[in-house]
Amino acid sequence: MIAVFLGPPGSGKGTQAEMIADLYDYTHLSTGRLLREMKADNKNIAEVIDAGGLIPDDMLLDILKSHLEKNNLFNNLILDGTPRTVYQYKKLAPWLRKKGSPIRYVIYLHVDEETAIQRISFRRHHKKTGKIYNLKTSSPPPDVDYNDLIARDDQTPEAIKKRFVIYREKTLPLVEYLRKRNKLIEIDGTKTIETIHHRILEAIKHNNA
Ligand code: AP5
Ligand code: MG
């Protein structure tokens, strides 16, 4: 089973993917995180993602496919942030099907830009665990040392702006493409983290019926 989380920057893809993965013991693979881990050894990737751009489609697909193959991640996988263009979907979906693990759900979290930008500005990641927190809406537990919380390099106002421009240009056409084919589970991403989580679980149950 493969589930995809799709949505604009700050829509809560990582937050919700992590909750579902924890609940069912699935693998949560964020391509953004995978690429950030490659930054130290690859200047080109660092430059593109820190500026809020997209890694070229074929390069991203090569990185993702070899990561999935090397770690044999084809079962019970949550893909957070890929596919995010029509091209990526058209290449990745048949490849995964051939591997015997088709994309089963595409969960689309929609939020307005203003809400998403607010969330991104207050987001912090825990250095050691990678867990996502928010200084306003999702505080870390008391045992977390605030010195271990870091902001991402693509959290600058310029990079955030560019990520939204690219989202509208490259990802919204994928949303439309999947919507027309009835392949989207659309969830209102402006609700609370818990409400969204329950709505995702309900939607998955409904889709299994
Ligand atoms: P990626 O890391 O995927 O970034 P993104 O898509 O911009 O999304 P974010 O991670 O910023 O937001 P999110 O939706 O995960 O929200 P989160 O849960 O953190 O990609 C980074 C970069 O990598 C891209 O720009 C690109 O360069 C490259 N890349 C990645 N995939 C690629 C691909 N397929 N092709 C090409 N390039 C690719 O939540 C945000 C904050 O809000 C947190 O603080 C959280 O605590 C809080 N929050 C979450 N939900 C709620 C809620 N319901 N209410 C209140 N607060 C909430
Ligand atoms: Mg994320």
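Structure first, text after, so check above.
Residues numbered from 1 in each chain as written. Chains lettered and ligands numbered in written order. Predicted model: local features only at pLDDT ≥ 70, side-chain atom pairs only at ≥ 80, totals over all residues. Heavy atoms only, no water.

Q: So what about the overall build of the chain? Which residues, and what values?
A: Of the regular secondary structure elements, the chain holds 8 helices and 8 strands. Taking 209 residues into account, the globule formula puts the C-alpha radius of gyration at 17 Å, and the chain, at 16 Å, falls close to it. Taken along its principal axes, the extent of the C-alpha atoms in the chain is 45 × 40 × 30 Å. Counting contacts in the chain only where the partners sit at least 6 residues apart, residues at least 24 apart contribute 70% of the total. Element-wise, carbon and sulfur atoms account for 50% of the exposed surface of the chain, whose accessible area totals about 11,300 Å². (Helix = DSSP H or I, 4+ residues; strand = E, 2+ residues; numbered from the N terminus. Rg over C-alpha atoms; globule rule 2.2 N^0.38 Å. Contact = heavy atoms within 4.5 Å. Areas by Shrake-Rupley, 256 points an atom, 1.4 Å probe, with all protein chains shown as cover.)

Q: Residue-level account of the site of ligand 1, with values.
A: Close to ligand 1 lie 35 residues; T15, G53, T82, R84 and R163 are nearest. One nitrogen or oxygen atom from the main chain of S11 is found 3.2 Å from an oxygen atom belonging to ligand 1. Contact distances for ligand 1 include 2.9 Å between an oxygen atom and a side-chain N or O atom of K13. At the level of secondary structure, the elements contributing two or more residues to the shell around ligand 1 comprise α1 (13-24), α2 (31-38), β6 (132-134) and α8 (193-208). At 4 residues, α2 tops the list of elements feeding residues into the shell around ligand 1. Of the residues that constitute the shell around ligand 1, the class distribution is 11 nonpolar, 15 polar and 9 charged. (Near = heavy atom within 4 Å. Polar contact = N/O pair within 3.5 Å; in protein donor to acceptor, adjacent residues only side chain to side chain. Nonpolar A, V, L, I, M, F, W, Y, C, P; charged D, E, K, R; others polar.)

Q: Mind laying out the sheet that holds strand β1 (residues 2-6), listing which residues take part and the relevant values?
A: The 5 strands lie next to each other as β2-β3-β1-β4-β8, forming an open sheet whose pairing is parallel. Of all the strands in the sheet, just β2 (27-30) and β8 (185-188) have a single pairing partner and so form its edges. Across the sheet, the axes of successive neighbouring strands diverge by a mean angle of 20°, strand direction being ignored. Taken together, the 5 bridges between β1 and strand β4 (residues 103-110) define a ladder with parallel strand orientation. Residue pairing for β4: I2 is matched across the bridge by I103. Contacts from α2 reach β2 and β3 (77-80), with the element oriented near 65° to β2. (Pairing = 2+ DSSP bridges. Axes fitted to C-alpha atoms, helices over the stretch in contact; angles between N-to-C directions.)

Q: Got a sec to walk through the pairing of β3? Specific residues and values, please.
A: Judged by which residues are buried, β3 turns out to be covered on both faces: L77 and L79 on one side and I78 and D80 on the other are all buried. Pairing of β1 with β3, which is carried by 4 bridges, proceeds in the parallel orientation. By the bridge assignment, F5 is partnered in β3 with D80. Direction of pairing for β2 relative to β3: parallel, over a ladder of 4 bridges. From the neighbouring strand, T27 faces β3, where its bridge partner is L77. (Buried < 20%, exposed > 50% of the residue type's maximum accessible area, 1.4 Å probe, protein only.)

Q: How would you sum up the packing of aromatic side chains? Please name residues and give values.
A: With the rule as written, the count across this model stands at 3 aromatic pairs. A centroid spacing of 5.6 Å and a plane angle of 55° characterise the contact between F74 and W95, whose relative ring orientation is tilted. Highlighted residues: F74 in the loop between α4 (57-71) and β3 and W95 in helix α5 (residues 86-98), separated in sequence by 21 residues. Here W95 falls in the buried class, since its relative accessible area comes to 16%. The ring of Y177 carries the charged tip of R181 above its face, separated from the ring centre by 3.6 Å. (Phe/Tyr/Trp six-rings, centres within 6.5 Å; stacked < 30°, edge-to-face > 60°. Lys NZ or Arg CZ within 6 Å of the ring centre and 35° of its normal.)

Q: Any chance you could break down the pattern of salt bridges for me, citing the residues and the numbers?
A: This model, assessed by the stated rule, comprises 14 salt bridges. Between K131 and D22 there is a salt bridge, with the nearest N and O atoms lying 3.8 Å from each other. With K131 in the loop between β5 (123-126) and β6 and D22 in helix α1, the pair connects residues that are 109 residues apart, well separated along the chain. For D50, the salt bridge is made with K39, and the minimal N-O distance between the two is 2.9 Å. Taken together, the positions of D50 in helix α3 (residues 43-50) and K39 in the loop between α2 and α3 put the pair 11 residues apart, joining distant regions of the chain. For K39, a relative accessible area of 17% puts it in the buried group. Residues joined in a network through salt bridges with shared partners are E18, D22 and K131. (Salt bridge = Lys/Arg side-chain N within 4 Å of Asp/Glu carboxyl O.)

Any functional reading would require information beyond the geometric quantities listed.
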